[in-house]
Each structure stands twice: as C-alpha cells, then as structure tokens.
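Summary of the model geometry
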Amino acid sequence: MPPSSSASRPGQTPKPAQDRTPRPSPAPAQGLSGPERAALVLSAAWLVLTAVVFAVFGMAGTDGALGFLVIALVIFLPVAMIWVAATAARTARVMREESARLHAAIDAIRQAYITQSQTLAAPANSQVSVARKLDEIAAAQRKTETALATFSSIRPMANPAPVRRAPAPAPAAPSDEAQTALPLGTQAEDMRPPLERSDFIRALNFPETAEDKEGFAALRRALKDRPTAQLIQAAQDVLTLLSQDGIYMDDLRPDMARPETWRNFAGGARGRAIAALGGIRDRSSLALAAARMKNDPIFRDAAHHFLRRFDQMFSSFADDATDSDISDLSDTRTARAFMLLGRVAGTFD
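In what follows, the accompanying structure is described.

What counts, and where the lines are drawn
- Residues numbered from 1 in each chain as written.
- Predicted model: local features only at pLDDT ≥ 70, side-chain atom pairs only at ≥ 80, totals over all residues.
- Heavy atoms only, no water.
- Helix = DSSP H or I, 4+ residues; strand = E, 2+ residues; numbered from the N terminus.
- Buried < 20%, exposed > 50% of the residue type's maximum accessible area, 1.4 Å probe, protein only.
- Contact = heavy atoms within 4.5 Å.
- Areas by Shrake-Rupley, 256 points an atom, 1.4 Å probe, with all protein chains shown as cover.
- Axes fitted to C-alpha atoms, helices over the stretch in contact; angles between N-to-C directions.
- Parallel < 35°, antiparallel > 145°, perpendicular 65-115°, else oblique.
- Left-handed = near helix turned anticlockwise from the far one by under 90°.
- Nonpolar A, V, L, I, M, F, W, Y, C, P; charged D, E, K, R; others polar.
- Phe/Tyr/Trp six-rings, centres within 6.5 Å; stacked < 30°, edge-to-face > 60°.
- Salt bridge = Lys/Arg side-chain N within 4 Å of Asp/Glu carboxyl O.
- Core = buried A, V, L, I, M, F, W, Y, C linked by side-chain atoms within 4.5 Å.
- Patch = residues over 30% accessible without salt bridge, like charges linked within 9 Å, V, L, I, M, F, W, Y side chains within 5 Å.
- Polar contact = N/O pair within 3.5 Å; in protein donor to acceptor, adjacent residues only side chain to side chain.

1. Looking at the overall build of the protein chain
- Scanning the protein chain for helices and strands turns up 14 helices and zero strands.
- Sequence-ordered secondary structure for the protein chain, helices as α and strands as β, is α-α-α-α-α-α-α-α-α-α-α-α-α-α.
- For the protein chain, buried positions account for 33% of its 349 residues.
- The contacts of the protein chain with a sequence gap of at least 6 include a subset with a gap of at least 24, amounting to 78%.
- Counting only carbon and sulfur atoms, one obtains 60% of the accessible surface of the protein chain, whose full area is about 21100 Å².

2. Description of the packing of helix H7 (residues 197-204) against helix H9 (residues 226-243)
- Two elements in contact, H7 and H9, have axes separated by 10 Å at closest approach and are oriented at 20°. With respect to their mutual orientation, H7 and H9 come out roughly parallel. The two elements H7 and H9 meet at a crossing, and its hand is right-handed. Contacts between H7 and H9 pair Phe200, Ala203 and Leu204 from the former with Thr228, Leu231 and Ile232 from the latter.

3. Comments concerning the packing of H7 against helix H13 (residues 323-330)
- The geometry of H7 relative to H13 is characterised by a closest axis approach of 9 Å and an angle of 15° between their N-to-C directions. Classified by the angle their axes make, H7 and H13 are roughly parallel. The handedness of the crossing between H7 and H13 is right-handed. Contact residues: H7 offers Arg197, Phe200, Ile201 and Leu204, while H13 offers Asp325, Asp328 and Leu329.
- A per-class count over the contact of H7 with H13 returns four nonpolar, no polar and three charged.

4. Some points on the packing of aromatic side chains
- If you walk through the whole model with that rule in mind, you get 12 aromatic pairs.
- Ring geometry for Phe314 and Phe317: centres 6.0 Å apart, planes at 40°, overall tilted. Linking Phe314 with Phe317, this pair stays in helix H12 (residues 297-317), spanning three residues, or about one helical turn.
- On the accessibility criterion, Phe317 (7% relative accessible area) is buried.
- Judged by centre distance (5.8 Å) and plane angle (85°), the rings of Phe338 and Phe348 are edge-to-face. Taken together, the residues Phe338 in helix H14 (residues 333-345) and Phe348 in the segment after H14 connect sequence positions 10 residues apart.

5. Considering the pattern of salt bridges
- Counted according to the given criterion, the structure contains 17 salt bridges.
- A salt bridge links Arg292 to Asp245; the nearest nitrogen and oxygen atoms lie 3.0 Å apart. Within this pair, whereas Arg292 is found in helix H11 (residues 283-295), its partner Asp245 is found in the loop between H9 and helix H10 (259-266), the two being separated by 47 residues in sequence.
- A relative accessible area of 14% means that Arg292 is categorised as buried.
- By relative accessible area, which is 29% here, Asp245 ends up partly exposed.
- With its nearest N and O atoms 3.0 Å apart, the salt bridge here joins Asp331 to Arg336.
- According to the relative accessible area criterion, Arg336 is buried, its value standing at 11%.

6. Some words on unusual backbone geometry
- Unusually for a residue other than glycine, Phe206 sits at a positive phi of about 65°.
- Summarising the element assignment, Phe206 is placed in the loop between H7 and helix H8 (213-223).
- Exposure remark for Phe206: the relative accessible area of 3% places this residue in the buried category.

7. A few points about the nonpolar core
- By size, the foremost hydrophobic cluster in this structure holds 50 residues, and its most contacted members are Phe306, Phe310 and Phe314.
- Where this core is concerned, the elements lending two or more residues are H7, H8, H9, H10, H11, H12, H13 and H14.
- Every residue in contact with Phe310, bar those within four places of it in the chain, is listed here: Leu231, Trp262, Phe265, Leu329, Thr334, Ala335 and Phe338.

8. Quick notes on a nonpolar patch on the surface
- The grouping of Leu66, Leu69, Val70, Leu73, Val74, Leu77 and Met81 at the surface amounts to a nonpolar patch, some 660 Å² of accessible area in total.
- Classification of Val74 by relative accessible area gives partly exposed; the value is 37%.

9. Topic: H7
- Looking only at H7, the buried set comprises Asp199, Phe200, Ile201, Ala203 and Leu204.
- Those residues of H7 that are buried are in contact with H8, H9, H12, H13 and H14.
- Taken from the residues just after H7, Phe206 is the one with a positive phi, measuring 65°.

10. A word on the side chain of Arg336
- Tracing the sequence through the fold places Arg336 in helix H14.
- Here Met249 takes part through its backbone oxygen, which lies 2.9 Å from a polar atom of the side chain of Arg336.
- A polar contact of 3.0 Å, which involves the side chain of Arg336, links it to the side chain of Asp331.
- Ignoring sequence-local partners within four residues, the contact set of Arg336 consists of Met249, Asp250, Leu252, Arg253, Pro254, Ile280 and Asp331.

Structure follows, in structure tokens:
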C-alpha cells in the first residue's frame, strides 16, 4: 500500500490557523494510517479464524470446483471487503487534506492581496500632498470668508473691490490732491505699498497647515499684488497637476545652488551656466514629469506658463534681494517646482 501521513487521522478536519498567515500542510510521513493498520489486523484475524475452523471441522463436502470456489469466497471475500473499507477511509482522508491545502492556498492569496494593498496605501497616506494642503487652506479660508478655495476666484475679486470703493465719500482736501496727483487711468492696486520680500517668499511656499496663520496672512497680502498673484496661480496649477502623478514638492530634496548662480539666471544666463539650478535628482519624478510634459498638452502649457512667470518674477526680485533672500526663496515649494520643470523643459541644458 502507498505510504500516507500519520499526522492526520480519518474524520479529523484540519483546523484553520489562528493567525491570518496560512501555513503549508506538513509533508506526508512514512507508515500506515489507522484504518490501514486496522484492516491489516482484521485480515490476519480472519485468515487465522478460517484456518482454525477448517483445521477443526475439516473440509468435508468441499470437493470439486464448486467446493474450491466456496472456500475461496469464504476466505478472501471478507478480506477484500475489509480492504475496500480501508481504501475508502484513506481516500476520504486524502480528500480532506487536499481540501485543507486548497483553503490554505486561497487564504495565502487573500492575505498577499491584503498585504500588497496595505503596502501600496501606506506611502500614499504618509506623503504630504500639496493638493491636500490646498484643500485645508480652502476650508480654513471659507470659515473666515476670504474665498481662498481657488486662486482663480481670488483675482477677479481683488480687482473690482477698489472700483466699488472708489465712489465712497472721503475727506475733500486729501481726495482732491490725490486725484490731481495721479494720472488718468491709475488703478487702486498701483497705490498700494510694495510687497515685503518676507511676505513674498512666505507666500511662494504656501501655508504649511490650516492653522498656519502667518502663512495665510502672507498669502493674502501677496495676492493683492497682481504679478505675484499671477505667479502663485501658475504655481498652484502645476503643483496640482504634478500631484496627480504622485509628485509632491515636500518629497523632493534638491541640491541647493549658490546665490551667484541664481543671479546669473536673473541676468539672462541659460544652459550649462546655470545647470546647478536643476538640483532635482529624483529619477521617478523626473521621468513622470517628462512623460506628462510630452503627452499632456494641458500640463505642457501650464508648465511653460509657470516657467515664464517665474523667470519674470525672479528677474525683478533679484535686483534688490540679498543672498539670504535668494537662498530662502530657492527653498520654497514654488522654486522646487521651477527646478523640476526647468530641468524637464531643458532650461538648464
């Protein structure tokens, strides 16, 4: 008879593992199972019993072929029935073991799928996305009725406001002097004081959290300046598009360039002279951004628009900025987006 496992007994269903990781079934061990040993004992007992009966009572009346057939049936038919029962028990045990192994394999596949899903979800949950931060900004600003949910809706509100306030009554003498001193067509935004460099740099980095009051205040002041608002809008557009591919500025750690290199860029230098500005080395981010730039015309237009806005902004910013101001600006999220997209677009080649 073929060897079978002595670790499993007939009628015993393998218990499922208590932990969630299924374990493989043990390899079959050499030896006879319980039903086979019982069949062997019963067969031997029956043969001994028949031998004793024939020895005591003799074989009278069993002459001829019919008598021999009767003796063979008496001796071997019960033995055959015993081994048929043992074989059936063994088959049932094998089926139970195969069923247990099949369940274990299914559990292993299910567990592997769950583990893979959790592994893929963990980095996505741990990453700090610019899009989520912008959503937090929008939620916080709705509470204070500043309408910062989208930058596109801020600019139209910023310009009409001075027009509506213009007819408001004001002291006669100062108003007349101010109106006579201004040329025709002067807008209210031209009368605002210039934006502080610290507010400008803080706004380009965007608020850190919904509780970042200083960041919101700097952003509101920056949005009142039209060129800065246009740059912030362009930066927000590309950051949102990049986040769709899982590219977040907080995950990038660029090699910082010296302020002299940034000043050369402001002076009009391009190509290898400012190659140090392309400090983004993350290959996956570069590959994803390059593929998006090639295949997505909307992303390509937004990226080139942002690069032009950043170029114009920095050319005027570097005129009176200190080296410390340039270093602080180069560490903002907007500057990192410029490094990434500039390298993809070939600005530093």
